[in-house]
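# Reading the structure
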Amino acid sequence: GAGVSQTPSNKVTEKGKYVELRCDPISGHTALYWYRQSLGQGPEFLIYFQGTGAADDSGLPNDRFFAVRPEGSVSTLKIQRTERGDSAVYLCASSRMGLQETQYFGPGTRLLVL
Amino acid sequence: AQTVTQSQPEMSVQEAETVTLSCTYDTSESDYYLFWYKQPPSRQMILVIRQEAYKQQNATENRFSVNFQKAAKSFSLKISDSQLGDAAMYFCACRTQGGSEKLVFGKGMKLTVNP
């Protein structure tokens, strides 16, 4: 079946602008994760959804970052007033509900803030 | 809080040879999982192998195997018969049971396979 998809693949924006990054999880996967990967680093957790609700948003760096998953499938990560330090690859992963399930990752969105 | 450390930023191996990638971790949890993910230039993280901490037997997946030393909090990955397609960034990760089950990753290691 289809894997996790993310759009856009690349996004270039100017400092201060608003961006939205989209994640389409594997069909039937109820758990969805967002991670941020800065250059030369491993991915860092941002937020976790179980169904429609954000069960853990402890990784969001500040209130400029927000994510939604209104119907329990597609999720959108929203970044307001972008800063150059927000430049990174944003990875989305999904897994089936329940413990011990493997997280499957999408190809990521590379965000560049000029 | 969990931490994962990969102290070798880069390694190289000759095709068909064996290479071992090291990883250490720290967690106060008793129930956790350990993973090795591969990230080629396409950016997509691909699961290589996973190990449940409660299992004493080391996990094996074809040419990939781990050496899990729970007391030492060490989790190394051995790649046998290295292939050109194994060239990628490799990330070690830890996940605890319960809660959000988020993954905590190391900084990664770049593996080069020489023909």
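Structure shown above.
This write-up is about the structure you can find in this document.

## Concerning the state of the cysteines
Using the criterion set out here, one finds 2 disulfides over all chains in the structure. Each disulfide pairs two cysteine sulfurs, and for Cys23 of chain A the partner residue is Cys92 of chain A, the sulfurs being separated by 1.9 Å. Residues Cys23 of chain A and Cys92 of chain A are joined by a disulfide whose S-S torsion is about -65 degrees; by sign, that bridge is left-handed. With Cys23 of chain A in strand E3 (residues 19-24) and Cys92 of chain A in strand E9 (residues 88-95), this residue pair connects regions lying 69 residues apart in the sequence. Both residues of the pair, Cys23 of chain A and Cys92 of chain A, belong to the buried class. With a sulfur-sulfur separation of 2.0 Å, Cys23 of chain B is cross-linked through a disulfide to Cys92 of chain B. When the S-S torsion is -70 degrees, as for the bridge of Cys23 of chain B with Cys92 of chain B, the disulfide is left-handed.

## What to know about the interface of chain B and chain A
Each partner contributes residues to the interface: chain B has 21 residues there, and chain A has 27 residues. For the chain B and chain A pair, buried surface summed over both sides reaches about 1,900 Å², with 46% attributable to carbon and sulfur atoms. Interface area lost by chain B to chain A is led by Arg43, Ser100 and Lys102 of chain B, which between them contribute 31%. The interface formed by chain B and chain A holds 0 salt bridges in total.

Cut-offs and rules
- Residues numbered from 1 in each chain as written.
- Chains lettered and ligands numbered in written order.
- Predicted model: local features only at pLDDT ≥ 70, side-chain atom pairs only at ≥ 80, totals over all residues.
- Heavy atoms only, no water.
- Disulfide = S-S within 2.5 Å.
- Helix = DSSP H or I, 4+ residues; strand = E, 2+ residues; numbered from the N terminus.
- Buried < 20%, exposed > 50% of the residue type's maximum accessible area, 1.4 Å probe, protein only.
- Contact = heavy atoms within 4.5 Å.
- Buried area = accessible area lost by both parts, 1.4 Å probe.
- Salt bridge = Lys/Arg side-chain N within 4 Å of Asp/Glu carboxyl O.

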